[in-house]
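Observations on the three-dimensional arrangement
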Amino acid sequence: MTAQIIDGKAFAAALRARVGGVATAFETASGRKAGLAVVLVGEDPASAVYVRSKGKATLAANMASFEHKLPADTAQADLIALVDRLNADPAVDGILVQLPLPAHLDEQAVLLRINPNKDVDGFHPVNAGRLATGLPGFVPCTPLGCLMLLQDQLGDLSGKEAVVIGRSNIVGKPMAALLTAASCTVTLAHSRTRDLAAHVSRADIVVAAVGRAGFVKGEWLKPGATVIDVGINRVEGGLVGDVEFDSAACVAGAITPVPGGVGPMTIACLLRNTLVAAHRNAG
Ligand code: GUN
């Protein structure tokens, strides 16, 4: 193995500590804590784990955490009514509705209802549009965390060839927009891309977000490339990423591990976005 292992866990811990310091200053200056409301509908065990860790991290960063757990059979109108109450609540700076929602609920309608200025997930079309046009707004937490790791690793990203694999609204599309804004030359690859290996072989930066264990092979990579693995796939024997780690680590210059790479950055960026929301709402 030759690649440097990018320690997302340590980077995220440092970011959470910085955010906690600013959150304490915010409380002293404003007389209230920055507040994050998290809504969980149903009993999905993975979602419940995420929501619990978000709540714990929020409190540890000296912010207020408001958890709303609703039954799996919650009606659309009741969920929308909760979002309306959170939109109107001055103690709530950020609102996160944990996805996926149970199948009978209209996810898009719920996300559209969140006040874009409290949309710390950055999933509202207004924030997606702001990102696409270079206006200030909220950027989805996972791609924001990936960008921070890349800038920490590589410094200026200008002129670099980047391949993003996966075109989801949550990771792939905003990641491509962020890298474009950072002056990379970006290829957004997906399940219909022909000869993915040829695209990847030209990339200085590879971001894998396809949700398939070990999908990206080390032999596809350009020697020295920086590899960001967003995948979290449960397989026999634990969690693995979308990149075949052992073969990739022989070719890449640097690579994020799974777990301990991108995952911890998502929550740290959520806290950061919530604090930014609090300052904007107070200002
Ligand atoms: N489900 C998986 N990741 C996320 C996320 O970042 N935000 C929300 N709201 N739901 C998720």
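Residues numbered from 1 in each chain as written. Predicted model: local features only at pLDDT ≥ 70, side-chain atom pairs only at ≥ 80, totals over all residues. Heavy atoms only, no water.

1. Structural notes on the side chain of N87
Within the secondary structure layout, N87 lies in helix 3 (residues 76-88). The exposure class assigned to N87 is buried, which follows from its relative accessible area of 18%. For N87, the residues in contact, after removing those within four places along its chain, are I95, R113, I114, N115 and K118. (Helix = DSSP H or I, 4+ residues; strand = E, 2+ residues; numbered from the N terminus. Buried < 20%, exposed > 50% of the residue type's maximum accessible area, 1.4 Å probe, protein only. Contact = heavy atoms within 4.5 Å.)

2. Concerning the pairing of strand 6 (residues 185-189)
Looking at chain direction, strand 5 (residues 161-165) and strand 6 are connected through 5 bridges and run parallel. Note on strand 6: the bridge partner recorded for V164 is L188. (Pairing = 2+ DSSP bridges.)

3. As for the pairing of strand 2 (residues 35-41)
When you tally the buried positions in strand 2, you get 7 out of 7 residues, the bulk of the element. A two-sided burial pattern is seen for strand 2, the buried positions comprising G35, A37, V39 and V41 on one face and L36, V38 and L40 on the other. In this sheet, strand 3 (residues 64-70) lies alongside strand 2 in parallel orientation, the contact comprising 7 bridges. Directly across from A37, in strand 3, lies its bridge partner F66.

4. Quick word on the packing of helix 6 (residues 141-154) against helix 10 (residues 263-282)
Contact geometry for helix 6 and helix 10: axes closest at 8 Å, N-to-C directions at 105°. If you check the angle between helix 6 and helix 10, you find them roughly perpendicular. Along the contact surface, helix 6 presents C141, T142, L144, G145, M148 and L149, while helix 10 presents M265, T266, C269, L270, R272 and N273. (Axes fitted to C-alpha atoms, helices over the stretch in contact; angles between N-to-C directions. Parallel < 35°, antiparallel > 145°, perpendicular 65-115°, else oblique.)

5. Some remarks on the site of the ligand
All residues adjacent to the ligand are L96, V97, Q98, L99, D121 and F123. With respect to the ligand, the backbone of V97 contributes an N or O atom lying 2.8 Å from a nitrogen atom. A distance of 2.9 Å separates a nitrogen atom of the ligand from a polar atom in the backbone of L99. With the chains in place, 79% of the 270 Å² that the ligand exposes on its own is no longer accessible. Taken together, the residues that form the shell around the ligand break down as 4 nonpolar, 1 polar and 1 charged. (Near = heavy atom within 4 Å. Polar contact = N/O pair within 3.5 Å; in protein donor to acceptor, adjacent residues only side chain to side chain. Areas by Shrake-Rupley, 256 points an atom, 1.4 Å probe, with all protein chains shown as cover. Nonpolar A, V, L, I, M, F, W, Y, C, P; charged D, E, K, R; others polar.)

6. Here we look at the sheet that holds strand 7 (residues 205-208)
If you trace the 6 strands from one edge of the open sheet to the other, you get 1-11-8-7-5-6, paired in parallel fashion. Where the open sheet ends on each side, the last strands, each with one partner, are strand 1 (4-5) and strand 6. Bridge analysis of strand 8 (residues 226-229) against strand 11 (residues 254-255) gives 2 bridges, and the strand direction is parallel. Looking across to strand 11, one finds that T226 is bridged to A254. Helix 6 rests against strand 1, strand 7, strand 8 and strand 11 of the sheet, and its axis sits at about 160° to strand 8. Helix 7 (residues 172-181) rests against strand 5, strand 6 and strand 7 of the sheet, and its axis sits at about 170° to strand 6.

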